[in-house]
Amino acid sequence: MNGNYKYIALLALFFSCSDSVQVSDTLSERPAIFPDYTDITIPANIAPLNFSLETPVEDARAVLSFSDQQIKVKAKDNQFVFPVSKWKKLLSSAAGNEVKVVVQVKDKGKWVEYAPVKWNVAAEPVDPYIAYRLIAPGYTLWNKMGLYQRNLENYTETPIIENKMSGRNCVNCHSFCMQNPDKMLFHMRETYPGTLLIDGDKIEKLNTKTEQTISSLVYPSWHPSGKYVAFSVNNTKQGFHANDRNRIEVFDEASDVVVYDVEKHEIVTTAKLFSKDAFETFPTFSPDGKTLYFCTAPARPIPEEFSEIKYNLCAIGFDPDSRSFGSEVDTLYNAAVSGQSASFPRVSPDGKYLMYTVSGYGNFSIWHKDADLQMADLSTGDSMSLDILNSDDVESYHSWSSNSRWVIFSSRRMDGLYTRPYIAYIDEKGNACKPFLLPQKDTGFYGRFMMSYNIPEFITGKVKVGGRVLGLKAKEDKGIDVKFAK
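Residues numbered from 1 in each chain as written. Predicted model: local features only at pLDDT ≥ 70, side-chain atom pairs only at ≥ 80, totals over all residues. Heavy atoms only, no water.

- An unreviewed UniProt entry lists the protein chain under the name PD40 domain-containing protein, with Parabacteroides segnis given as the organism.
- Looking at the Sequence similarities (unreviewed entry) heading of the UniProt record, one finds this comment for the protein chain: "Belongs to the TolB family." (UniProt positions renumbered as here; feature names shortened; annotations may be inferred.)

## Remarks on the nonpolar core
- Counting residues in each nonpolar core, the largest one holds 61 residues, and the members touching the most others are Ile42, Leu64, Trp87 and Trp119.
- Discounting residues that sit within four places of it in the chain, Ile42 has contacts with Leu49, Trp87, Leu91, Trp119, Asn120, Val121, Ala122, Trp406 and Phe436.
- Judged by nonpolar contacts, the second largest core, of 27 residues, contains Cys173, Tyr219, Val250 and Ile455. (Core = buried A, V, L, I, M, F, W, Y, C linked by side-chain atoms within 4.5 Å. Buried < 20%, exposed > 50% of the residue type's maximum accessible area, 1.4 Å probe, protein only. Contact = heavy atoms within 4.5 Å.)

## Concerning the sheet that holds strand 30 (residues 395-400)
- The strand order across the open sheet formed by 4 strands is 30-31-32-33, and the pairing between neighbours is antiparallel. Lying at the two open borders of the sheet, with one neighbouring strand each, are strand 30 and strand 33 (436-437). (Pairing = 2+ DSSP bridges. Helix = DSSP H or I, 4+ residues; strand = E, 2+ residues; numbered from the N terminus.)

## Comments concerning the side chain of Asp393
- Mapped onto the elements, Asp393 comes out in the loop between strand 29 (383-384) and strand 30.
- In this structure Asp393 touches Lys369, Ala371, Asp372, Arg412, Arg413 and Gly416, once residues within four positions along its chain are discounted.

## Some words on the environment of Tyr453
- Within the element layout of this structure, Tyr453 appears in strand 34 (residues 452-459).
- With relative accessibility at 2%, the residue Tyr453 sits in the buried group.
- Between the C-alpha atom of Tyr453 and that of Gly326, which follows or precedes it by 127 residues, the distance is 37 Å.
- The contact partners of Tyr453, leaving out residues within four places of it in the chain, are Tyr132, Arg133, Leu134, Ser410, Thr419, Arg420, Pro421, Leu438, Gln440, Phe445 and Tyr446.
- A distance of 3.4 Å separates polar atoms of two side chains, one belonging to Tyr453 and the other to Gln440. (Polar contact = N/O pair within 3.5 Å; in protein donor to acceptor, adjacent residues only side chain to side chain.)

Have a look at this one:
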């Protein structure tokens, strides 16, 4: 008896000595499950990947196995729910190896056993938390939104701040310094406007609109030292298509990039980032803090030519000691040559890879159905395939884990309307693995939940500051006025 059939026979004995189990003919047929957790790579410290059968059946059962360890579960309402403690023990043992899930289904009185669903368990863990904004998908109502954090090692979600604590305003653009939960910022708009910057026990409210800038500071990226934050300033407009597969259009009539000095409350910039001849936006620092990446496009009449705007991905040097910028701008992604528009550049913490989003035009790719993720090897400049991460719908905002082995990104692949978070493994050579949907205890959760996950960010721990403290700071503090450096 070969290994595969010996394994199947043992499973059959476990489930029932009296039940006759028919093995699928070729050992390749698999059950249709939701979410699609077949052939994925997962971290050993992820919460159980509960799944359900897409087709109702009389009965079903499954076993998760590695080496001599097994977790045996019986389906309830077509769902398989794995015990947390046993799950953690088995995956911890399986780190760097493969685990299998075998499903048996009873239909018309007969049991059928399917080929195993395989999960590779990576040797490297994922950061234990993510942070994100939950928002209605139409961007029309601010009645209910907030910033939340989710423990990836279980299913616990807690609010960082909900807008019911701050006058039902808009809270947005949360950002963390090197995935540090104790060093973060986010913006508020309309009621009690300002930027709240949290550094341990210190909380500042900043008034970031100046006479020289066209707007308050948005789209932040921390310098790794924590002494600076790069922002853009944007004159942004939103429109709605009456007959287009991209329902919503967001575009800038003007935009620039600046760097904020956290200690001196000052803004510095250069003519290469602050020009009426170009739309500069989406800045992000390199992990060594010596390069500032950003997106830029030649200025054109807006909204008349909004669909003709295509952004390059560029880089400029930055000296943190003198707060000065380089004299040359390098182009990493040339929109005129590539034919698409780049947005949301993010560098892996090990400095090896630059991931970004491309779409047909513009920079607000979160509503462009052709938006896909791409990645460049920074040592060679070569593009790397991320086809395995992309779908026929929107792939947009993404962030890296602190160990550079995991990315999380938002996608509308499930229904074309709501963004949900997907996690994927990237190995040391830049090879991407099939992504998996953020697991929930109840697999029916996403069918009922009517909010989008916006700007998912990995963090290395839990944000400890309370939402009520942040809400009071927003309402009671007049704020520190940010100045342009002389």
